[in-house]
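Observations on the three-dimensional arrangement
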There are 2 protein chains.
Amino acid sequence: MNEKKDILLPEPTLRRLPWYLAYVNMLQSQGIEYVSSTQISKEINVDASQIAKDLSFLNIKGKTRIGYQVVSLAAELSNFLGFHQEHSALMIGVGSLGAALIQDSGLNQYGLKIVAGFDINEKIIGSEICGVPVYDIAELAVQQKRYKADIGILAVPVEHAQESADLLSESGVKAIWNFTPFRIRVSDDVVIQNTSIYAHLAVMYNRINAKK
Amino acid sequence: MNEKKDILLPEPTLRRLPWYLAYVNMLQSQGIEYVSSTQISKEINVDASQIAKDLSFLNIKGKTRIGYQVVSLAAELSNFLGFHQEHSALMIGVGSLGAALIQDSGLNQYGLKIVAGFDINEKIIGSEICGVPVYDIAELAVQQKRYKADIGILAVPVEHAQESADLLSESGVKAIWNFTPFRIRVSDDVVIQNTSIYAHLAVMYNRINAKK
């Protein structure tokens, strides 16, 4: 039933699906049973036709006049997005941001399990953060043979971003989640997702200044 | 000299500028003195003409054949992006992600200072995280009169996202940095920046599955 998960979806669709999930989760918490794409459209500010198209990728059908069953839609969206499945990850760079992400249990709820951290700082190598062991980055290849993690998370200073990405790539991870603002390059068989939270500050600061 | 900071820049430009900054910061740490837009282009995978256009918003000129002075370009980019200026922020929702963000000193380096946290959980109200006091959300308006923070950061469960955004909006913040996957709506005079890190997982999971 889940073969549709293996279809390569357009990124805009993949970015919208979690919005719908967030909204139907809210409806679910309010005990609401059914929702139409028109209702979702009003709330989320996306065309109803676009929503119907996005949801057509899922194994779910809305009923005429009634819409989608909220519980089923939430479960199907979450399952489709892979949030119900466990994906193991290595954290590269256990500084301020890396340590914060290890402590964020929200990632667990979205199917990401950080199994090990790696750093060059001798003060934290050998320690544990929330039960996650921190190893010397030199041990990455050896440890990855044991952990076989799918994902490497990059939270190192920019000057180490590319070399860390190369190490991860060689260790055989399938994807790199890059939290640095550095544009890392790896071979085509490694998926890259960039999430530079600090870069978002730049947009916000500019918008604030421009409104003054 | 900084009046250009008040120009409303296109969002794609604002998202690229931190990439250039990350790269020139790396060059700076390697002791390199000059860089051309062609070199940046090769490294970052953005057209050299686009880079020259993006950098034309800044108070900096490259020299023919030599390019930009690395130290000046780094300083000018960082200053232009507002990373040298302090922006105060309130954290709404001091759960797992909110607490993690408060502990991330990286935000400080990019000009963001979280001055207070707000939550509904009585177990943490009255406590401090890294010196940041946590108040009852009911005190938001009163405390904001004192703090006069520019930015409200939303890290609440989705079902509380809109009401929290409304509270922030009424309290007079200029911008809301939304870490929830919920599409909040506020009046046009409030800047919204969405950073849904969990939604990025959906894109990564799909790409991994599609490659199997």
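Cut-offs applied
- Residues numbered from 1 in each chain as written.
- Chains lettered and ligands numbered in written order.
- Predicted model: local features only at pLDDT ≥ 70, side-chain atom pairs only at ≥ 80, totals over all residues.
- Heavy atoms only, no water.
- Phe/Tyr/Trp six-rings, centres within 6.5 Å; stacked < 30°, edge-to-face > 60°.
- Helix = DSSP H or I, 4+ residues; strand = E, 2+ residues; numbered from the N terminus.
- Buried < 20%, exposed > 50% of the residue type's maximum accessible area, 1.4 Å probe, protein only.
- Lys NZ or Arg CZ within 6 Å of the ring centre and 35° of its normal.
- Contact = heavy atoms within 4.5 Å.
- Salt bridge = Lys/Arg side-chain N within 4 Å of Asp/Glu carboxyl O.
- Polar contact = N/O pair within 3.5 Å; in protein donor to acceptor, adjacent residues only side chain to side chain.
- Nonpolar A, V, L, I, M, F, W, Y, C, P; charged D, E, K, R; others polar.

Inspection of the entire model under this criterion finds 14 aromatic pairs over all chains. Measuring from centroid to centroid gives 6.5 Å for Y23(A) and F182(B), while their planes differ by 45 degrees, and the two rings are tilted. Here F182(B) lies in the loop between β8 (175-178) and β9 (191-194) and Y23(A) lies in helix α1 (residues 11-29), a pairing that spans two chains. Taking relative accessible area as the criterion, Y23(A) reaches 5% and is therefore assigned buried. A relative accessible area of 2% places F182(B) in the buried class. Consider the rings of W177(A) and F179(A), whose centres lie 4.7 Å apart with planes at 50 degrees: the pair is tilted. One exposure class covers both W177(A) and F179(A), and it is buried. If you follow R183(A) out to its NZ or CZ, it ends over the ring of W19(B), 3.4 Å from the centre.

The next thing to look at is the interface of chain A and chain B. Between chain A and chain B, the residue contacts involve 71 residues of the former and 71 residues of the latter. Viewed at the interface, chain B and chain A are joined by 2 salt bridges. Residues R185(A) and E43(B) are paired through a salt bridge, measuring 3.2 Å at the closest nitrogen-oxygen approach. For the pair chain A and chain B, the number of links is 24 residue pairs in polar contact (both at pLDDT 80 or more). Those elements that place two or more of their residues in the side of chain A that touches chain B are α1, α2 (37-44), α5 (96-103), α6 (106-109), β8 (175-178), β9 (191-194) and α9 (197-211) of chain A. Take the side of chain A that touches chain B: its biggest share by element is 15 residues, from α9(A). Considered class by class, the residues forming the side of chain A that touches chain B number 39 nonpolar, 16 polar and 16 charged.

Bringing the environment of C130(A) into the picture now. With respect to the secondary-structure elements, C130(A) resides in the loop between β5 (128-129) and β6 (132-136). Residue C130(A) is classed as exposed on the basis of its relative accessible area of 60%.

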